[in-house]
Amino acid sequence: KAVVSTQSTGADELHKMLLSEESEHWEVYSEDERSEFLFLLFKLLVLGGPICQYDDTIERYLEVAKSLYKELVTVQKNTMTNQVEIASSVFKVSAWDEDICWFPGDEHAQTFCYLILDPVNRTCSALSHDFGKGIW
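Residues numbered from 1 in each chain as written. Predicted model: local features only at pLDDT ≥ 70, side-chain atom pairs only at ≥ 80, totals over all residues. Heavy atoms only, no water.

A. Seen up close, the pairing of strand 6 (residues 112–118). The element strand 6 is largely enclosed, with a buried count of five among its seven residues. Both strand 3 (residues 89–92) and strand 6 contribute to a ladder of four bridges, which runs antiparallel. Considered in strand 6, the bridge of Val90 is made with Ile116. Hairpin connection of strand 6 to strand 7 (residues 123–129): four residues between the antiparallel strands, including Arg122 at a positive phi of 55 degrees. (Buried < 20%, exposed > 50% of the residue type's maximum accessible area, 1.4 Å probe, protein only. Helix = DSSP H or I, 4+ residues; strand = E, 2+ residues; numbered from the N terminus. Pairing = 2+ DSSP bridges.)

In structure tokens, the structure reads:
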């Protein structure tokens, strides 16, 4: 006999906060914060893919998002202000023909391609994911 719990887990609440404006926690992050690359990485990790095994603690998601961000984005010190500033530029890219998205794929929220341009090291990194398309 299956037992149905009416209590939601922390992971459920986190998913609701990331996906639904109806969530009581939606206002924790402003629209500006939600558009920042670090937040987008965090959201990517929390929501995962179709066979993702979710974690019950937020700390692991925060740790990996921060690590990935540091790996992809370059900062430098502004000599005029002595402030650390982000040197990299992040672009979300896609290729459309009329109503068809050819790249990176369907319009799923977890399908994306980001290009990160680093003018300091003169490099370009790509981070992409096509939701539901596995290697097998």
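B. Structural detail: the sheet that holds strand 3. Spatial strand order, 3-6-7: three strands in an open sheet with antiparallel pairing. Edge positions in the sheet fall to strand 3 and strand 7, since each of these pairs with one other strand and no more. Neighbour to neighbour, the strand axes of the sheet diverge by 20 degrees on average, direction disregarded. Where strand 6 lies against strand 7, seven bridges are found, and the strand directions are antiparallel. Opposite Tyr114, over in strand 7, you have Leu127 as the bridge partner. Against the sheet, helix 3 (residues 37–47) touches strand 3, strand 6 and strand 7, its axis set at about 140 degrees to strand 6. (Axes fitted to C-alpha atoms, helices over the stretch in contact; angles between N-to-C directions. Contact = heavy atoms within 4.5 Å.)

C. Main features of the side chain of Thr74. The topology assignment puts Thr74 in the loop between helix 4 (58–72) and strand 1 (75–77). A distance of 2.6 Å separates the side chain of Thr74 from the side chain of Asp118, its partner in a polar contact. When near neighbours in sequence (up to four residues on either side) are disregarded, Thr74 contacts Glu85, Ile86, Ala87, Ser88, Asp118, Val120 and Asn121. (Polar contact = N/O pair within 3.5 Å; in protein donor to acceptor, adjacent residues only side chain to side chain.)

D. Focus on the environment of Leu127. Note that Leu127 resides in strand 7. In this structure Leu127 touches Phe37, Leu41, Leu72, Phe112, Cys113 and Tyr114, once residues within four positions along its chain are discounted.

E. Focus on the nonpolar core. By size, the foremost hydrophobic cluster in this structure holds 10 residues: Phe37, Leu41, Leu44, Tyr69, Leu72, Val73, Phe112, Tyr114, Ile116 and Leu127. Among the elements of the structure, helix 3, helix 4 and strand 6 are those that each provide at least two residues to this core. The contact partners of Leu72, leaving out residues within four places of it in the chain, are Phe37, Ser88, Ile116, Ser125 and Leu127. Core analysis: the next-biggest nonpolar cluster, separate from the first, contains nine residues, Phe39, Leu47, Tyr61 and Ala65 among them. (Core = buried A, V, L, I, M, F, W, Y, C linked by side-chain atoms within 4.5 Å.)

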